[in-house]
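Architecture and fold: a report
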Amino acid sequence: MEPFVYRNGEMVAEDMPLARIAREVGTPVYVYSLAALRANHQAFVAAMRGLKAELHYAVKANSNVAVIRAFAALGAGADIVSVGEMRRAMAAGVAPSDIVFSGVGKKEAELREALAAGLRQINVESRAELDTLDAVARSLNRTVDIAIRVNPDVDAKTHAKITTGRKENKFGIDIDLAREAYAHAASKPNLRPVGVAMHIGSQILSLEPYRDAIRKLRGLVGDLRADGHAIDRLDLGGGYGIVYRHQSNERPFAVGDYMQMVRQETEGLGCALSFEPGRSLVGNAGVLLGEVILVKPGAARTFVVVDAAMNDLIRPTLYDAWHDIVPLRQPAAGAPAAVTDIVGPICESGDYLAQERPMPPLAAGDVLVVKSAGAYGAVMASTYNTRPLVPEVLVDGDRYTVIRPRQSLDELIAADRVPDWL
Ligand code: LLP
């Protein structure tokens, strides 16, 4: 579903003109479409049909409580990587028994809070974590369901900074060492190893790495059962790629094809499945609006300086990510294109949203729409250059609500403390 379309020459989100949001809330601002969030969730759940499976939304992709609530209301659980995310998920109405805690470095206090809350499962990523978790569980007089996240050593063929399932990556326990880790877990009276987990990367566009990894996990489940462990859960992680560049041949697999593959590869295994999609539920349901501050023709190219910057959306800088960018006001057909760098006001050459991008003529005051910004956008924002945290808006039909107001400069600066000895 594409909620961001031109209508009468201006882009809308569902039935809400983006120009009105830009005017009333100001720019930069993130805008999400509730209908698109719901449609993405629905498509995933429909594809899961017939499988014994659950969806745990990877909250890190977009952790606004309103967004989590939208999914929770449809029955989604949550995949979290910090107690901060746990509190957000619970604030959004996700039951602790529907929350899975992943992450490579959970602190003891976090594990304690998670166990006290009664989370469904902890995905353990190291032997050291098994020991800490067991000690915490014992002190609380609890027994905790765990899965061990294994590193299956497959190449997800995605950007190096978001690939996680290779031997060189910090994540999970090497699959060759997994049996020994399960034996260690089983020796701990307060840990109940019930599952195997994986997550091999993000923005994955082909099924093959998943298939390879699931086959390896299937082999491992057989070995673990032979070793006497009652393994009946398989957490297959997330990572499903979306289209960022619509005028290209970048085409991720369809979720239906993925589920079909999962069905084949897990047939007869008797495991309940869990999926942790993040990006594929929120990515294309959000845009970032930025207003052109000025246009600066240069010798090599034209610079369009906008009020949205790398602190608001770091993906182009950090991952060389492509986001489609279009003017809010529909350009005239056949408008001449100029090769343009769309940059922010931050004092770094890495501060750009797009480079060498053909754009129609732009002028100060025009608003640009940065597409596919619903995932890993607002959550990765910072206040670098003392720029307030960017606000977020949720649209439902012809109404909108600010689901995170723009931070004021006063709030931002008042957070600092000057010692009385200075
Ligand atoms: N499960 C685990 C254990 C994860 O680490 C992640 C993402 C997910 C699920 C959800 O993956 P998704 O379905 O969203 O691909 N900031 C980067 C992406 C980092 C992904 C981190 N882990 C970006 O902007 O591309």
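Scoring rules and cut-offs
- Residues numbered from 1 in each chain as written.
- Predicted model: local features only at pLDDT ≥ 70, side-chain atom pairs only at ≥ 80, totals over all residues.
- UniProt positions renumbered as here; feature names shortened; annotations may be inferred.
- Helix = DSSP H or I, 4+ residues; strand = E, 2+ residues; numbered from the N terminus.
- Rg over C-alpha atoms; globule rule 2.2 N^0.38 Å.
- Buried ≥ 20, exposed ≤ 12 C-beta atoms within 10 Å, placed from the backbone.
- Contact = placed C-beta atoms within 7 Å.
- Axes fitted to C-alpha atoms, helices over the stretch in contact; angles between N-to-C directions.
- Parallel < 35°, antiparallel > 145°, perpendicular 65-115°, else oblique.
- Left-handed = near helix turned anticlockwise from the far one by under 90°.
- Nonpolar A, V, L, I, M, F, W, Y, C, P; charged D, E, K, R; others polar.
- Pairing = 2+ DSSP bridges.
- Near = placed C-beta within 6 Å.
- Domains from an automatic or database assignment.
- Arc of directions from axis to C-beta.
- Core = buried A, V, L, I, M, F, W, Y, C linked by C-beta atoms within 7 Å.

The name given to the protein chain in an unreviewed UniProt entry is Diaminopimelate decarboxylase, with Vineibacter terrae as the source organism. Its UniProt record gives the protein chain a comment under Catalytic activity (unreviewed entry), which states: "meso-2,6-diaminopimelate + H(+) = L-lysine + CO2". Its UniProt record gives the protein chain the following Pathway (unreviewed entry) comment, quoted word for word: "Amino-acid biosynthesis; L-lysine biosynthesis via DAP pathway; L-lysine from DL-2,6-diaminopimelate: step 1/1."

Attention now goes to the overall build of the protein chain. Looking only at helices and strands, one finds 12 helices and 21 strands in the protein chain. What you see for the protein chain is a C-alpha radius of gyration of 23 Å, in line with the 22 Å of a compact globule of 422 residues. C-alpha atoms of the protein chain, sized along the principal axes, occupy 70 × 60 × 40 Å. A buried classification covers 46% of the 422 residues belonging to the protein chain. Considering only contacts within the protein chain whose residues lie at least 6 apart along the sequence, 71% involve residues at least 24 apart.

Two numbers describe how helix H2 (residues 34-48) lies on helix H9 (residues 255-266): the axes approach to 9 Å, and their chain directions differ by 30°. What the angle tells us is that H2 and H9 run roughly parallel. In the packing of H2 onto H9, the handedness of the crossing is right-handed. Only Val255, Gly256 and Met259 of H9 make contact with H2, whose side of the interface consists of Ala43, Phe44, Ala47 and Met48. Its residues assigned to classes, the contact of H2 with H9 shows 6 nonpolar, 1 polar and no charged.

What follows covers the sheet that holds strand S1 (residues 4-7). Pairing within the open sheet is antiparallel, and its 3 strands lie in the order S1-S2-S3. Two strands bound the open sheet, and with one partner strand each, they are S1 and strand S3 (16-17).

Looking now at the UniProt feature "domain: Orn/DAP/Arg decarboxylase 2 C-terminal" (unreviewed entry) in the protein chain. Residues given the UniProt feature "domain: Orn/DAP/Arg decarboxylase 2 C-terminal" (unreviewed entry) here are residues 30-374. Secondary structure across residues 30-374 divides into 30% helix and 24% strand, with the first and last C-alpha atoms of the span separated by 8 Å.

Here we take up the pairing of strand S11 (residues 191-197). With 5 of its 7 residues buried, S11 lies for the most part within the structure. Where S11 lies against strand S12 (residues 233-235), 3 bridges are found, and the strand directions are parallel. Among the inter-strand pairings, Ala197 is bridged to a residue of S12, identified as Asp235.

Okay, the site of the ligand next. Around the ligand, the surrounding shell holds 22 residues, and the nearest of these are Ala58, Ser202, Gly238, Gly278 and Tyr376. Of all the secondary-structure elements, those providing two or more residues to the shell around the ligand are helix H10 (279-282) and helix H11 (315-319). The two domains that each donate at least three residues to the shell around the ligand are domain 1 (4-31 + 283-414) and domain 2 (103-275).

Here we take up the domain arrangement of the protein chain. Here the protein chain is described as being made up of domain 1 (4-31 + 283-414) and domain 2 (103-275). Placing the centre of domain 1 and that of domain 2 at their C-alpha centroids yields a distance of 36 Å. Across the contact, 9 residues belong to domain 1 and 7 residues belong to domain 2. Its residues placed into classes, the side of domain 1 that touches domain 2 shows 4 nonpolar, 4 polar and 1 charged.

Moving on, we get to helix H5 (residues 108-117). Among the residues of H5, Leu111, Ala114 and Leu115 are the ones counted as buried. Axial view of H5: buried residues confined to an arc of 95°, hence all on one face. In H5, the exposed positions angled more than 90 degrees off the buried face are occupied by Ala109 and Ala116. Among the structural elements, helix H4 (83-91), strand S7 (99-101), strand S8 (121-124), helix H6 (127-139) and strand S9 (144-151) are those in contact with the buried residues of H5.

Nonpolar side chains in soluble globular proteins tend to be buried together. Residues Val31 and Ile148 are the most contacted members of the largest nonpolar core, which totals 119 residues. The residue makeup of this core includes at least three contributed by each of domain 1 (4-31 + 283-414) and domain 2 (103-275). The contact partners of Ile148, leaving out residues within four places of it in the chain, are Val124, Ile173, Ala178, Ala181, Tyr182, Ala185, Pro193, Val196 and Ala197.

Turning next to the UniProt feature "domain: Orn/DAP/Arg decarboxylase 2 N-terminal" (unreviewed entry) in the protein chain. UniProt's feature table lists "domain: Orn/DAP/Arg decarboxylase 2 N-terminal" (unreviewed entry) at residues 35-282, given in the numbering used throughout. Taken end to end, residues 35-282 comprises 40% helix and 17% strand; its first and last C-alpha atoms sit 11 Å apart.

When you line up the elements, Leu269 lands in the loop between H9 and strand S13 (272-275). Linking Leu269 and Val221, residues 48 residues apart in sequence, is a C-alpha distance of 8.5 Å. In this view, Leu269 contacts Arg218 and Val221; residues no more than four positions away in its chain are not counted.

All right, on to the environment of Asp320 then. Summarising the element assignment, Asp320 is placed in the loop between H11 and strand S16 (325-327). Expressed as a C-alpha distance, the spacing of Asp320 and Leu353, which sit 33 residues apart in the sequence, is 9.5 Å.

Further remarks concern unusual backbone geometry. Following Thr27, the chain continues to Pro28 via a peptide bond in cis, the omega torsion being -5°. Among the secondary structure elements, Pro28 is positioned in the loop between helix H1 (18-25) and strand S4 (29-33).

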